[in-house]
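# Structure at a glance
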Amino acid sequence: MSNAHASHGEGDFSASVKSYLVGFVLSVVLTGIPFWSVMTHQFDHMTTLWVVVITALVQIVVHLKYFLHLDFSKEGRINTFSFLFTALIIIMVVGLSVWIIYAANELMM
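My aim in this report is to walk through the structure given alongside it, one point at a time. (Residues numbered from 1 in each chain as written. Predicted model: local features only at pLDDT ≥ 70, side-chain atom pairs only at ≥ 80, totals over all residues. Heavy atoms only, no water.)

### So, helix H2 (residues 45-67)
Compared with an ideal rise of 1.5 Å per residue, which puts 23 residues at 33 Å, H2 spans 32 Å between its outermost C-alpha atoms and is within 8% of the ideal. Those residues of H2 not exposed but buried are Thr48, Thr55, Gln59 and Val62. A positive phi of about 55° marks histidine 69, the residue just after H2. (Helix = DSSP H or I, 4+ residues; strand = E, 2+ residues; numbered from the N terminus. Expected span 1.5 Å × (residues − 1). Buried < 20%, exposed > 50% of the residue type's maximum accessible area, 1.4 Å probe, protein only.)

Right, dumping it as structure tokens:
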């Protein structure tokens, strides 16, 4: 049985650890910002909501790039497109289900 990791050099491991550490630090910061915003009440309600939403979207991108390693390089393009297609299907199924349930509720009222 061959070792799948035998072809990787020492530089790949340190680059991988660096990528995970950068992703972890960014995730902690992007979690702390909305937490601080909500707990300290420094902003009005709408600004706090936008801070939470924007940092959540940025954190999604950070997780996709640093932890799932999805990018548009030649090697990662297929995985990225597969992920995007899967996300599109899930969004359509959930969104259309909510739309159908809402329409059915309106028709029954």
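Following the structure, the description resumes.
### Some words on the side chain of threonine 80
Structurally, threonine 80 can be placed in helix H3 (residues 77-108). Assessed through its relative accessible area of 5%, threonine 80 is described here as buried. Filtering out sequence-adjacent residues up to four positions away, threonine 80 remains in contact with Leu70, Asp71 and Phe72. (Contact = heavy atoms within 4.5 Å.)

### Here we look at unusual backbone geometry
Positive phi outside glycine occurs at histidine 41, with the angle close to 55°. With respect to the secondary-structure elements, histidine 41 resides in the loop between helix H1 (10-40) and H2. A relative accessible area of 65% places histidine 41 in the exposed class. Backbone geometry places histidine 69, a non-glycine residue, at a positive phi of 55°. Among the structural elements, histidine 69 can be located in the loop between H2 and H3.

### Digging into the layout of surface pockets
Size it by volume and the largest pocket reaches roughly 180 Å³. If you list the elements that add at least two residues to the lining of the largest pocket, you get H1 and H2. Considering every element that reaches the lining of the largest pocket, the biggest residue donor is H1, with five residues. The residue makeup of the lining of the largest pocket, split by class, is four nonpolar, three polar and three charged. (1 Å grid on protein atoms, 1.4 Å probe; cavity = no way out; pocket = protein on both sides within 12 Å on 5 of 7 lines; lining within 4 Å. Points joined across faces, edges and corners; volume = space filled by probe spheres on them. Nonpolar A, V, L, I, M, F, W, Y, C, P; charged D, E, K, R; others polar.)

### Examining the side chain of threonine 48
Positionally, threonine 48 belongs in helix H2. Assessed through its relative accessible area of 11%, threonine 48 is described here as buried. There is a polar contact of 3.0 Å between the side chain of threonine 48 and the backbone oxygen of aspartate 44. The residues touching threonine 48, leaving out its near neighbours within four places in the chain, are Ser37, Val38 and Phe43. (Polar contact = N/O pair within 3.5 Å; in protein donor to acceptor, adjacent residues only side chain to side chain.)

### Notes on the packing of aromatic side chains
In this structure the tally under the stated criterion is three aromatic pairs. Look at tryptophan 36 and phenylalanine 43: their rings are 5.9 Å apart centre to centre, the planes differ by 80°, and that puts the pair in the edge-to-face class. Of the residues examined, tryptophan 36 reaches a relative accessible area of 42% and is grouped as partly exposed. Of the residues examined, phenylalanine 43 reaches a relative accessible area of 37% and is grouped as partly exposed. Here the guanidinium or amino end of lysine 65 rests over the ring plane of tyrosine 66, the centre of that ring lying 5.3 Å away. (Phe/Tyr/Trp six-rings, centres within 6.5 Å; stacked < 30°, edge-to-face > 60°. Lys NZ or Arg CZ within 6 Å of the ring centre and 35° of its normal.)

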